[in-house]
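# Secondary and tertiary structure notes
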Amino acid sequence: MEHIARKYANIKKGLGDIMGGKILDYPAKDILNKGRAEGNKEHLVSLIQKKLVKGKSVEVIADEVEETVDTVLEIMKELKHTP
């Protein structure tokens, strides 16, 4: 609801008052969030693969994709690609 009322301060305040600021969790929201996380991970894996093909170092890749070296190494391990 908050994303709908984002532009309207009075409605947003009213929703907050009525709902007591509680965030509703429901299955569709969980599925959406899970899908987004999986999509983000797939995109990251794709970026890392492309950068590995170009011969970039783990440190450079981590810097360019704004992740830790450990995260890049973990993905490389999943890809069965050794540094």
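Residues numbered from 1 in each chain as written. Predicted model: local features only at pLDDT ≥ 70, side-chain atom pairs only at ≥ 80, totals over all residues. Heavy atoms only, no water.

Quick look at the packing of helix α3 (residues 27–53) against helix α5 (residues 69–78) now. At their nearest, the axes of α3 and α5 sit 10 Å apart, and the two run at 85° to each other. Considering their axes alone, α3 and α5 lie roughly perpendicular with respect to each other. Packed against α3, whose contacting residues are Lys41, Leu44, Val45, Ile48 and Leu52, the element α5 presents Thr71, Val72, Ile75, Met76 and Glu78 at the interface. For the contact of α3 with α5, the per-class residue count stands at seven nonpolar, one polar and two charged. (Axes fitted to C-alpha atoms, helices over the stretch in contact; angles between N-to-C directions. Helix = DSSP H or I, 4+ residues; strand = E, 2+ residues; numbered from the N terminus. Parallel < 35°, antiparallel > 145°, perpendicular 65-115°, else oblique. Contact = heavy atoms within 4.5 Å. Nonpolar A, V, L, I, M, F, W, Y, C, P; charged D, E, K, R; others polar.)

Let us now look at the confidence of the model for the protein. Residues at a pLDDT of 70 or more form 67% of the protein, whose mean pLDDT is 81. Taken element by element, the predicted model of the protein shows its lowest mean pLDDT in helix α1 (residues 2–5) (52) and its highest in helix α4 (residues 58–65) (97). (pLDDT = per-residue confidence, 0-100.)

The next point concerns the packing of α4 against α5. The description of two helices packed together rests on the angle between their axes and the distance between the axes. Contact geometry for α4 and α5: axes closest at 8 Å, N-to-C directions at 110°. In terms of their interaxial angle, α4 and α5 are classed as roughly perpendicular. In contact with Val58, Glu59, Ile61, Ala62 and Val65 of α4, α5 contributes Val69, Val72, Leu73 and Met76. When grouped by side-chain class, the residues that make up the contact of α4 with α5 number eight nonpolar, no polar and one charged.

We now examine the pattern of salt bridges. For the structure on display, the rule yields three salt bridges. Ionic pairing is found between glutamate 64 and lysine 56, a salt bridge with its closest N-O pair at 3.0 Å. A single salt-bridge network, built from bridges that share partners, covers Lys51, Lys56 and Glu64. (Salt bridge = Lys/Arg side-chain N within 4 Å of Asp/Glu carboxyl O.)

Its place among the elements puts leucine 52 in helix α3. According to the relative accessible area criterion, leucine 52 is buried, its value standing at 13%. Residues leucine 52 and methionine 76 lie 24 residues apart in sequence; the distance between their C-alpha atoms is 9.0 Å. With sequence-adjacent residues up to four places away left out, leucine 52 is seen in contact with Ile61, Met76, Leu79 and His81. (Buried < 20%, exposed > 50% of the residue type's maximum accessible area, 1.4 Å probe, protein only.)

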